[in-house]
Amino acid sequence: MNNKTIVILFVAITAVLVFTGCTGEKISQVAQDNTTEVSTSNDKNVENATNVSTSNDKSGETRIVTDSAGRQVAVPIKVERVADTWMGHNEVLAMLGADDRLVATMFSSKKRPWAYKVCPAYYNAVTLSPTYDVEALLATKPDVVFMPSRDKNIEKVSALGVPVVEVSFTDFDSMKKCFSDTANALGDEEALERSQKYNAYLDSKLELVRNISSRIPYDERPKVLHLVSLSPLCVDGGGNIISDWIEAAGGINAAEEVKGGIMQEVSMEQILKWNPDMIILSVNAKSEEKEKIMNSESWKKVKAVQNNNVFVNPEGAFIWSRAGAEQALQIQWAAKTINPDTFQSIDINNETKWFYKTFFLITSLQMRMFKNFECTGSRLIRNFSVNFGFFRGIKLFCKAEIH
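Only a predicted model underlies this, so the values are computations on that prediction, with no experimental measurement involved. (Residues numbered from 1 in each chain as written. Predicted model: local features only at pLDDT ≥ 70, side-chain atom pairs only at ≥ 80, totals over all residues. Heavy atoms only, no water.)

Student: Requested: an account of the overall build of the chain, with residues and values cited.
Tutor: Per the secondary structure count, the chain includes 15 helices and 14 strands. Taken over 403 residues, the chain has a buried fraction of 50%. Considering only residue pairs separated by 6 or more positions, the chain has 60% of its internal contacts joining residues 24 or more positions apart. Accessible surface computed for the chain: about 20100 Å², of which carbon and sulfur atoms make up 52%. (Helix = DSSP H or I, 4+ residues; strand = E, 2+ residues; numbered from the N terminus. Buried < 20%, exposed > 50% of the residue type's maximum accessible area, 1.4 Å probe, protein only. Contact = heavy atoms within 4.5 Å. Areas by Shrake-Rupley, 256 points an atom, 1.4 Å probe, with all protein chains shown as cover.)

Set out below in structure tokens:
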């Protein structure tokens, strides 16, 4: 081998060694940069209550989310199986596009037929009773359980190693936060986008209604009683979202002084003392109870009955007036019902169509099933319930044309 050949080989070997060293250094640096980036991202996510824990086993990776009670809860990176023990919140999961992940629900097709028509995935979930057994809940193998803060089984389920996300709200601000927290716990972009879109829609409708109702003098606002049931005689008192939508709609909660919030038992003497201008029956009170009120000698002493201002609240996937996504429709229906002359511009029928198409993905074909109906008579209402499970309060949408 001559000297020229030896020189060429030496140069080639040296080049390979240098290239390999540089490449290794670059790979090492890239890995270090990526590690730094993940670390920085995690720091930011801790602030947003959605950070990823460090784990080599991806199936065991978790995120930290903050629930309505302010607790930080570790949930799986990918939430595929969800249980929910708050009836109103079951509807929220559907609105966020997670109804197909529900394995345990408080809904039943008999009590909430419209929900099952809108979201057939509910049929795949186990229906829990109001006094559900923890073992029955855990048998559905949920990745996460959403529970109302009042649920007595929170600590028990948490102690068994199942992530529990507490959900609750008492007004519109805390409701929006609850929906955002739920989307964070679900952990996917679709849920986050839907929660943002819903909250923006709710804000716009609240602003619209409040801007108008704020011009109604206090002494001209009707006193509204939200009646939960006749036996026992229960009303919704103050300090809750019921009072919020009554006030936003330009009314005064006649039972505002009642302590303890929703579903409080009162006497007929107290109702006579309040003498409300309007009574709205929650659908917890059966629609036929309106007839009992209108024909009762005791109730005939109440101004609302004398002036035929007794209404049954609409319901859809859940009860509009309570803890569900349809609160966005409730404030508009309430405004038009409590102050019809002031809120003539609200088209509740078109808003209802748009809402269900947008947030529950009702198709145009399904909506055409309600074309040209006249909301008079119980026979028509029963037909809608049988054919498509439409909400019993549909009779309040007189001469609607949903198509």
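Student: Break down the pattern of salt bridges for me, with residues and values.
Tutor: Applying the stated criterion to the full structure yields 13 salt bridges. The salt bridge involving D181 is made with K177; its shortest N-O contact spans 2.7 Å. With D181 and K177 both in helix α6 (residues 172-186) and four residues apart, the pair spans about one turn of that helix. The partly exposed category is assigned to K177, whose relative accessible area is 43%. A salt bridge links D277 to K303, with the nearest nitrogen and oxygen atoms 3.3 Å apart. Placement of the pair is D277 in the loop between α9 (268-274) and β13 (278-281) and K303 in helix α11 (residues 303-306), with a sequence separation of 26 residues. Here K303 falls in the partly exposed class, since its relative accessible area comes to 33%. Through salt bridges with shared partners, one network takes in D67, R71 and E166. (Salt bridge = Lys/Arg side-chain N within 4 Å of Asp/Glu carboxyl O.)

Student: Provide a residue-level description of the nonpolar core, including the pertinent values.
Tutor: One finds M95, F146, F179, Y198, F355 and F360 to be the most contacted residues of the largest nonpolar core, which totals 70 residues. Formed by 20 residues, the second largest nonpolar core is a distinct cluster that contains L233, A254, I279 and I293. (Core = buried A, V, L, I, M, F, W, Y, C linked by side-chain atoms within 4.5 Å.)

Student: Can you lay out the sheet that holds strand β5 (residues 102-105) for me, pointing to particular residues and giving the numbers?
Tutor: Reading across the sheet, the five strands line up as β6-β5-β4-β7-β8 and stay open at both edges, with parallel pairing between neighbours. Either end of the sheet is taken by a strand with one partner, and the two such strands are β6 (126-127) and β8 (164-167). The pairing of strand β4 (residues 82-84) with strand β7 (residues 144-148) spans three bridges and is parallel. Each residue of the ladder has a partner; that of A83, found in β7, is V145. In the packing of helix α2 (residues 87-95) onto the sheet, the strands contacted are β4, β5, β7 and β8, and the crossing angle to β4 comes to about 145 degrees. (Pairing = 2+ DSSP bridges. Axes fitted to C-alpha atoms, helices over the stretch in contact; angles between N-to-C directions.)

Student: Could you give me a rundown of the environment of A136, with the residues and numbers involved?
Tutor: Looking at the secondary structure, you find A136 in helix α4 (residues 134-138). When its relative accessible area of 35% is taken as the criterion, A136 is described as partly exposed. Along the chain, A136 and A104 lie 32 residues apart, while their C-alpha atoms are 9.1 Å from each other.

Student: Can you explain the environment of V167? Please cite residues and give values.
Tutor: Its place among the elements puts V167 in strand β8. Sequence separation of V167 and R150 is 17 residues, and the distance between their C-alpha atoms is 9.4 Å. With sequence-adjacent residues up to four places away left out, V167 is seen in contact with S68, W86, H89, F146, M147, P148, S149, C178 and T182.

Student: Can you lay out α2 for me, pointing to particular residues and giving the numbers?
Tutor: Note that an α-helix has 3.6 residues per turn; residues three or four places apart therefore point the same way. When you tally the buried positions in α2, you get eight out of nine residues, the bulk of the element. Listing the buried residues of α2 in full gives G88, H89, N90, E91, V92, L93, A94 and M95. After α2 finishes, the residue G97 shows a positive phi value of roughly 85 degrees.

Student: Please set out the packing of helix α7 (residues 189-213) against helix α12 (residues 327-338) residue by residue, giving values where relevant.
Tutor: A packed helix pair is summarised by two numbers, namely the angle formed by the two axes and the spacing between the axes. Close contact between α7 and α12 brings their axes to 9 Å; oriented N to C, the two are set at 15 degrees. Here α12 runs roughly parallel to α7, going by the angle between their axes. Note that α7 runs across α12; the crossing there is left-handed. Packed against α7, whose contacting residues are Y198, Y201, L202, K205, L206 and V209, the element α12 presents Q327, A328, L329, I331, Q332 and A335 at the interface. When grouped by side-chain class, the residues that make up the contact of α7 with α12 number nine nonpolar, two polar and one charged. (Parallel < 35°, antiparallel > 145°, perpendicular 65-115°, else oblique. Left-handed = near helix turned anticlockwise from the far one by under 90°. Nonpolar A, V, L, I, M, F, W, Y, C, P; charged D, E, K, R; others polar.)

Student: Any chance you could break down the environment of T66 for me, citing the residues and the numbers?
Tutor: Within the secondary structure layout, T66 lies in strand β2 (residues 62-66). The partly exposed category is assigned to T66, whose relative accessible area is 21%.

Student: Residues and numbers for the packing of helix α8 (residues 241-248) against α12, please.
Tutor: In contact at an axis separation of 8 Å, α8 and α12 are set at 45 degrees when each is read in the N-to-C sense. When the interaxial angle is binned, α8 and α12 end up oblique. Considering only the axes of α8 and α12, their crossing is right-handed. Of α12, the residues touching α8 (which contributes I241, W245 and I246) are Q327, Q330, I331, A334 and I338. The residue makeup of the contact of α8 with α12, split by class, is six nonpolar, two polar and no charged.

Student: Describe the packing of aromatic side chains, with residues and values.
Tutor: The full count for this structure, using the stated rule, is 18 aromatic pairs. Centroid distance F107 to F318: 6.3 Å. Interplanar angle 25 degrees. Geometry classified as stacked. One end of the pair, F107, is in the loop between β5 and α3 (113-118); the other, F318, is in the loop between β14 (310-312) and α12, and 211 residues separate them in sequence. Accessibility expressed as a relative area gives 7% for F318, which makes it buried. Ring geometry for Y116 versus Y123: centroids 4.8 Å apart, planes at 70 degrees, classification edge-to-face. By relative accessible area, Y116 is classed as buried at 4%. On the accessibility criterion, Y123 (51% relative accessible area) is exposed. (Phe/Tyr/Trp six-rings, centres within 6.5 Å; stacked < 30°, edge-to-face > 60°.)

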